[in-house]
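# Residue-level structure breakdown
These are the residues of each chain, in order.
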Amino acid sequence: MTAPAKPPHQDSRFVRAARGERVDRVPVWFMRQAGRSLPEYRAVRGSGTILRAIADPDLATEITLQPVRRYGVDAAILYSDIMTPVHAVGFGVDIAPGVGPVVEHPFERAEDLERLRPLDPEADTPYVLATVRNLVAELPCPLIAFAGAPFTVASYLLEGRPTRTWVRTKALMHTDELLWHELMGRLTDLAIASLRSQVQAGAAALQLFDSWAGALSPQDYERFVLPHSRRVLEEVADLGVPRIHFGVSTGELLGLMADAGAGMVGVDWRTPLDVARTRVPAGTALQGNLDPALPAAGWEATEPAALDVLRRGGGRGHVFNLGHGVLPETDPSVLERLVELVHSWDPEGGDR
Ligand code: CP3
């Protein structure tokens, strides 16, 4: 299947800002805008695992739309998970509530590569494509496709569960570099197939989530991770949609993450946006970067910090977001006010 002649919503505020073009208002959306902070999510989500909710296109469509209706954000993000493709090819992954991805038999040796066959999106994840098609018909704004970056997905497959130390992951890269690159190559292929299929079904932009890349030194990132993430981003370039590259604690990696081929880099709250600008090539847009603990702490904590983010973002080549996902305890009314604040701020304002 080839790409649609022109992807939708390419003149939207969100896509224009992601390309560094002038906008009337700074666009805003939130990572994890759909999810447990919303009562309407808890009402429809049911008790099954999240992977089952993702496999139900009517439910996944509704959950994706909920924050767009409530907040009036400038982009929707597909309700899915970074583990969907590895789950779909039968690696044996589940997502435990309150924990995250867990793997029954973690990746250990070369034979485990066979558990990572190529993804055929139409056959393996038809529910994802059905959800994208539903959404494209219903959404007033761009839909963001996404995939887990090879490193972050590899870390779950190797560790078997969320980790704070990444010992098994680092052990493989530093003791069996050949197998490491073979594993990363398979995960790169999965990410490419998944992203291409989502964009071909009508998504207007894509984000590569390398959430845990900040666990690596720049030299390890460059040698063990960058070539694979670069291949993901290069092999989706012809689709003609903005490419966003995000990680947490990646202040020291921002230049490398831009160099991997992203037009927009996600920044967490540890690096002020004006500092982040000096670390990426001119013309790279930035997405972020309010500390997600502040909306969870209330409006009083949120407002001044959000204005600081807007000023440091500079009103051009900036998409407002949190530095990581919405925390489940966040009062949605704070995010409603935050969207209003961002949309009332004049990107051309002369007083800054
Ligand atoms: O609104 C959105 O952002 C859209 C959907 C989305 C989910 N997961 C749904 C989800 C996205 C973009 C993801 C990506 C994802 N999944 C990442 C990268 C983004 C990030 O947060 O760094 C990662 C690392 C995962 C793996 C994962 N899935 C974790 C760590 C968890 C949390 C476990 C928990 O219960 O706290 C999940 C589960 C998950 N994925 C939830 C949601 C809304 C919460 C659980 C649920 O509702 O059942």
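The structure presented is a predicted model; accordingly, all values stated were derived computationally and were not measured.

Each value, and the rule that gives it
- Per chain, residue numbering runs from 1 following the sequence as it is written.
- At least 70 in pLDDT is required for a residue's local features to be given in this predicted model, at least 80 for side-chain atom pairs to be given and counted, and no such filter applies to totals for whole chains, interfaces and linings, which use all residues.
- Calculation of side-chain values draws on the structure's entire complement of heavy atoms; hydrogens and water are dropped beforehand.
- Each pair of aromatic rings taken from Phe, Tyr and Trp, with Trp reduced to its six-membered ring, is defined by centres within 6.5 Å and is described as stacked if the planes are under 30 degrees apart, edge-to-face if over 60, and tilted in the remaining cases.
- Only DSSP runs of H or I reaching four residues or more are called helices, and only runs of E reaching two or more are called strands; each is numbered from the N terminus.
- Here, a charge over a ring is recorded when the distance from Lys NZ or Arg CZ to the ring centre is within 6 Å and its angle to the ring normal is within 35 degrees.
- Whether two strands pair depends on DSSP finding at least two bridges between them.
- Here a residue-residue contact requires only that any non-hydrogen atoms of the pair lie within 4.5 Å.
- Only the stretch in contact is used when fitting a helix axis, every axis being a line fitted to C-alpha atoms; angles between N-to-C directions are given from 0 to 180 degrees.
- The buried label goes to any residue with under 20% of its type's maximum accessible area, the exposed label to any with over 50%, and the partly exposed label to all in between, with areas taken from a 1.4 Å probe on protein chains only.
- Any Lys or Arg side-chain nitrogen found within 4 Å of a carboxyl oxygen on Asp or Glu counts as a salt bridge.
- One less than the residue count of a helix, multiplied by 1.5 Å, gives the span that helix is expected to have.
- Identification of polar contacts relies on pairs of N or O atoms within 3.5 Å, with a donor-acceptor requirement for protein atoms, meaning one able to donate a hydrogen and the other able to accept it, and with residues adjacent in sequence counted only if both atoms are side-chain atoms.

### A look at the packing of aromatic side chains
Applying the stated rule across the entire model yields 5 aromatic pairs. Taking 5.8 Å as the distance between ring centres and 65° as the angle between the ring planes, the aromatic pair formed by Tyr41 and Tyr79 counts as edge-to-face. Here Tyr41, found in helix H2 (residues 39–45), pairs with Tyr79, found in the loop between strand E1 (76–77) and helix H5 (84–88); they are 38 residues apart in sequence, far enough to count as distant. The residue whose ring lies beneath Arg115 is Phe91, and the NZ or CZ to ring-centre distance is 3.8 Å.

### Describing the sheet that holds strand E7 (residues 264–266)
Sheet strands pair by backbone hydrogen bonding; their relative direction is either parallel or antiparallel. With parallel pairing, 7 strands are arranged side by side in an open sheet as E1-E4-E5-E6-E7-E8-E9. Since the sheet does not close on itself, it has two edges, and those belong to E1 and strand E9 (318–322), each with one partner. As paired elements, E7 and strand E8 (residues 285–290) share 3 bridges and run parallel to each other. Bridging across to E8, Gly266 finds its partner in Gln287. Sheet contacts for helix H10 (residues 177–200): strand E4 (143–148) and strand E5 (205–209); angle to E4, the most-contacted strand, approximately 170°.

### What to know about the pairing of E4
With 6 of 6 residues buried, E4 lies mostly within the body of the structure. The alternating pattern of E4 places Leu143, Ala145 and Ala147 on one face and Ile144, Phe146 and Gly148 on the opposite face, and all of these are buried. By the bridge criterion, 2 bridges tie E1 to E4 in an arrangement that is parallel. The partner of Ala76 across the bridge, within E4, is Leu143. As judged from the 5 bridges shared by E4 and E5, these two strands associate in the parallel manner. Looking across to E5, one finds that Phe146 is bridged to Gln207.

### Observations regarding the pattern of salt bridges
A full pass over the atoms with the stated rule returns 19 salt bridges. In this structure, Arg70 engages Glu40 in a salt bridge whose closest nitrogen and oxygen atoms are separated by 2.8 Å. Highlighted residues: Arg70 in helix H4 (residues 57–71) and Glu40 in helix H2, separated in sequence by 30 residues. Residues participating in the shared-partner salt-bridge network are Arg13, Asp24 and Asp74.

### Describing helix H16 (residues 332–344)
Taking 1.5 Å of rise per residue, the 13 residues of H16 would be expected to cover 18 Å, and the 19 Å separating its terminal C-alpha atoms lies within 8% of that figure. Looking at H16, one finds that the buried residues are Pro332, Val334, Leu335, Leu338, Val339, Leu341 and Val342. Those residues of H16 that are buried lie in contact with H2, H4, E8, helix H14 (293–297), helix H15 (299–313) and E9. Measuring from the side-chain oxygen of the N-cap residue of H16 to the backbone nitrogen of Ser333 gives 2.8 Å; that N-cap residue is Asp331.

Any functional reading would require information that these geometric values do not contain.
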